Amino acid sequence: MTAVPEAGASNGGPGPNNGERVFIRLGPPAEEPGQFVTEGAPKSYAADVQARLEVDAKEIIGRYPNPRSALLPLLHLVQSEDGYVTPAGVEFCGAQLGLTGAEVAAVASFYTMYRRGPTGEYLVGVCTNTLCAVMGGDAIFDSLKEHLGIGNDETTDDGSVTLQHIECNAACDFAPVVMVNWEFYDNQTVESARTLVDGLRSGNPPAPTRGNLCTFKEAERILAGFPDPRPDEGQGGAGAATLAGLEVAREKNMTAPSAGEGT
């Protein structure tokens, strides 16, 4: 809120001869990100794109007994088209589900996986939550900003990499962790992270520690619920750090108490 004084009324209340009147301007600060109104973003889809997306949307909505439950995967679908949630995407999702644009935007703006601006081919997220930060995540993030010449949530000039700091990735035993299009790169260092983004920009991305790397738009289509057309080369599994406690329990013949046993 911003207070804007005007001559003619007092701060204590309206009145003909009591000084200044104060107006309260409501709304977000000027520097706050816009609600999916990025300059140049499409406001509607061409007829052929609309028709193609409607076929996909029908399949997605058919998975749910309540159509509006399909909103989250539908938002991933429009991100797979535009690379972020655009006014066209908001309008499309609303039209498919009978929701207003405000209802769609309220959901899309709540979850951080839904992007508000153009995204590079590779979305590089550096975990800067507590453990990763202590283990070097902050240093990695600062180094990549300097190396790429961009700030948080900005994209390189060639459109290849968008950099952002992210919260916990639930992989603390492999800290510090970097994610690329939601795939894990574990136990990173400043040097390995720089090598990683250099590989992404040159078209030779290193394989993730777990998972199977693809472009951001391809990943979004998979998150919308469509099959990954690539052969399954193995998704890895739990690593030694994750399994350490289990191994100790086995060595010491430790077991969980039976139901109702103990307190």
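Residues numbered from 1 in each chain as written. Predicted model: local features only at pLDDT ≥ 70, side-chain atom pairs only at ≥ 80, totals over all residues. Heavy atoms only, no water.

Draft legend 1. A look at the sheet that holds strand β4 (residues 154-155). If you trace the 5 strands from one edge of the open sheet to the other, you get β4-β5-β3-β6-β7, paired in mixed fashion. Either end of the sheet is taken by a strand with one partner, and the two such strands are β4 and β7 (183-185). Across 3 bridges, strand β3 (residues 122-127) lies against strand β6 (residues 178-180) in antiparallel orientation. The partner of G125 across the bridge, within β6, is M179. Against the sheet, helix α5 (residues 130-148) contacts β3, β5 (161-166) and β6, and its axis sits at roughly 140° relative to β3. (Pairing = 2+ DSSP bridges. Helix = DSSP H or I, 4+ residues; strand = E, 2+ residues; numbered from the N terminus. Contact = heavy atoms within 4.5 Å. Axes fitted to C-alpha atoms, helices over the stretch in contact; angles between N-to-C directions.)

Draft legend 2. Fine view of the packing of helix α1 (residues 47-61) against helix α2 (residues 71-82). The interhelical angle for the contact between α1 and α2, taken along N-to-C directions, is 150°, at an axis separation of 10 Å. Here α1 lies roughly antiparallel to α2, going by the angle between them. The two elements α1 and α2 cross, and the hand of that crossing is right-handed. On α2, the residues touching V49, R52, L53, D56, A57, I60 and I61 of α1 are P73, L74, L77 and E81. Residue classes in the contact of α1 with α2 are distributed as 8 nonpolar, no polar and 3 charged. (Parallel < 35°, antiparallel > 145°, perpendicular 65-115°, else oblique. Left-handed = near helix turned anticlockwise from the far one by under 90°. Nonpolar A, V, L, I, M, F, W, Y, C, P; charged D, E, K, R; others polar.)

Draft legend 3. Expanded view of the environment of E103. Note that E103 resides in helix α4 (residues 101-108). Relative accessible area serves as the criterion here: at 32%, E103 is assigned to the partly exposed category. In this structure the C-alpha to C-alpha distance between E103 and V90, which are 13 residues apart in sequence, comes to 9.3 Å. Among the polar contacts made by the side chain of E103, one reaches the main-chain amide nitrogen of T100 at a distance of 2.8 Å. (Buried < 20%, exposed > 50% of the residue type's maximum accessible area, 1.4 Å probe, protein only. Polar contact = N/O pair within 3.5 Å; in protein donor to acceptor, adjacent residues only side chain to side chain.)

Draft legend 4. Region of the structure containing a nonpolar patch on the surface. Taken together, the side chains of L72, F110 and Y111 define a hydrophobic patch exposed on the protein surface, amounting to about 310 Å² of accessible area. Inspection of the secondary structure assignment puts F110 in the loop between α4 and β3. Note on F110: relative accessible area 60%, which makes it exposed. (Patch = residues over 30% accessible without salt bridge, like charges linked within 9 Å, V, L, I, M, F, W, Y side chains within 5 Å. Areas by Shrake-Rupley, 256 points an atom, 1.4 Å probe, with all protein chains shown as cover. Salt bridge = Lys/Arg side-chain N within 4 Å of Asp/Glu carboxyl O.)

Draft legend 5. Region of interest: the packing of α5 against helix α6 (residues 190-202). Their axes nearest at 9 Å, the elements α5 and α6 cross at an angle of 40°. Considering the angle they form, α5 stands oblique to α6. As for how α5 packs across α6, the hand of that crossing is right-handed. Contacts between α5 and α6 involve A139, I140, S143, L144, E146, H147 and L148 from the former and V190, A193, R194, V197, D198 and R201 from the latter.

Draft legend 6. View of the environment of L144. In this fold, L144 is placed in helix α5. L144 sits in the buried class, given a relative accessible area of 1%. Sequence separation between L144 and V124 is 20 residues; the distance between their C-alpha atoms is 9.8 Å. Sequence-distant contacts of L144, defined by excluding residues within four places in its chain, comprise V124, V126, G149, L163, A193, R194 and V197.

Draft legend 7. Quick peek at the packing of aromatic side chains. Here the structure, examined in full by the defined rule, presents 4 aromatic pairs. Judged by centre distance (6.2 Å) and plane angle (75°), the rings of Y45 and F92 are edge-to-face. Linking Y45 in the loop between β2 (20-25) and α1 with F92 in helix α3 (residues 87-97), this pair joins segments that are 47 residues apart in sequence. When the centroid spacing of 4.9 Å and the interplanar angle of 80° are considered together, the rings of F110 and Y111 count as edge-to-face. Here R63 stacks its cationic end above the ring of F226, 5.3 Å away from the centre of that ring. (Phe/Tyr/Trp six-rings, centres within 6.5 Å; stacked < 30°, edge-to-face > 60°. Lys NZ or Arg CZ within 6 Å of the ring centre and 35° of its normal.)

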